[in-house]
Amino acid sequence: MASINSYLTFNGNCREAMTFYQDCLGGELTLETIEESALAEKMPNNMKRSIMHAVLAKDDLVIMATDMVEERGLIKGNSISMMLNCNSEEEAQSFYHKLSAGGKASHPLRETFWGAIFGDLTDRFGNNWLINYDKNR
């Protein structure tokens, strides 16, 4: 079956953000710079240390990212969030605490009427996260 992975775009701080996500969530991080790619000769020197493609993988969790911004620039909005389904309440609490550091803890984790522990936040890079632990799972 097909799957969907989040693909984040940064403006020069992809390495910092993906390292932060690795510190928060664990997993293996792979970073490829423009300098290491086939595009190296076509790009200006100031872009060569930028990240062309990054992958953070841990079990079924995959987050991909880049520093390659379109000409119109990076436009952050509230129309996309990353849903992080956790395996325990402790894991949800830990991820929420780590991901909200330096960001905005919009709605702290709380028990919901549908039987989950749920909350949301915006991390220090402006990305929105929904943290969920379904107690009925």
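Rules behind the numbers
Residues numbered from 1 in each chain as written. Predicted model: local features only at pLDDT ≥ 70, side-chain atom pairs only at ≥ 80, totals over all residues. Heavy atoms only, no water. Phe/Tyr/Trp six-rings, centres within 6.5 Å; stacked < 30°, edge-to-face > 60°. Buried < 20%, exposed > 50% of the residue type's maximum accessible area, 1.4 Å probe, protein only. Lys NZ or Arg CZ within 6 Å of the ring centre and 35° of its normal. Domains from an automatic or database assignment. Contact = heavy atoms within 4.5 Å. Buried area = accessible area lost by both parts, 1.4 Å probe. Salt bridge = Lys/Arg side-chain N within 4 Å of Asp/Glu carboxyl O. Polar contact = N/O pair within 3.5 Å; in protein donor to acceptor, adjacent residues only side chain to side chain. Helix = DSSP H or I, 4+ residues; strand = E, 2+ residues; numbered from the N terminus.

(A) How the structure looks around the packing of aromatic side chains. Enumeration according to the criterion identifies 7 aromatic pairs in this entry. Where F20 meets Y21, the ring centres are 5.7 Å apart and the plane angle is 55 degrees; that geometry is what we call tilted. When sorted by exposure, F20 lands in the same class as Y21, which is buried. Relative to W114, the ring of F113 lies with its centre 5.0 Å away and its plane at 90 degrees, an arrangement referred to as edge-to-face. Take W114: its relative accessible area is 44%, and that puts it in the partly exposed class. A network of ring pairs unites the aromatic residues F10, F20, Y21, F125 and W129 as a single cluster. A cation over an aromatic ring shows up here: R124 above the ring of F20, its NZ or CZ 4.3 Å from the ring centre.

(B) Layout of the domain arrangement of the protein chain. In terms of domain boundaries, the protein chain breaks down into domain 1 (6–66) and domain 2 (82–134). A C-alpha centroid distance of 23 Å is found between domain 1 and domain 2. Between domain 1 and domain 2, the residue contacts involve 13 residues of the former and 11 residues of the latter. Taken together, both faces of the contact between domain 1 and domain 2 bury some 1000 Å²; the carbon and sulfur share is 73%. Considering only the surface of domain 1 that becomes buried against domain 2, F20, C24 and L25 emerge as the three largest contributors, covering 47% of it. Counting across the domain 1 and domain 2 interface gives 1 salt bridge. For the interface between domain 1 and domain 2, the tally reads 2 residue pairs in polar contact (both at pLDDT 80 or more). Of all the elements in the fold, those that place two or more residues in the side of domain 1 that touches domain 2 are β1 (6–9), α1 (14–25) and β4 (61–66). When residues in the side of domain 1 that touches domain 2 are grouped by element, the largest group, 7 residues, is from α1.

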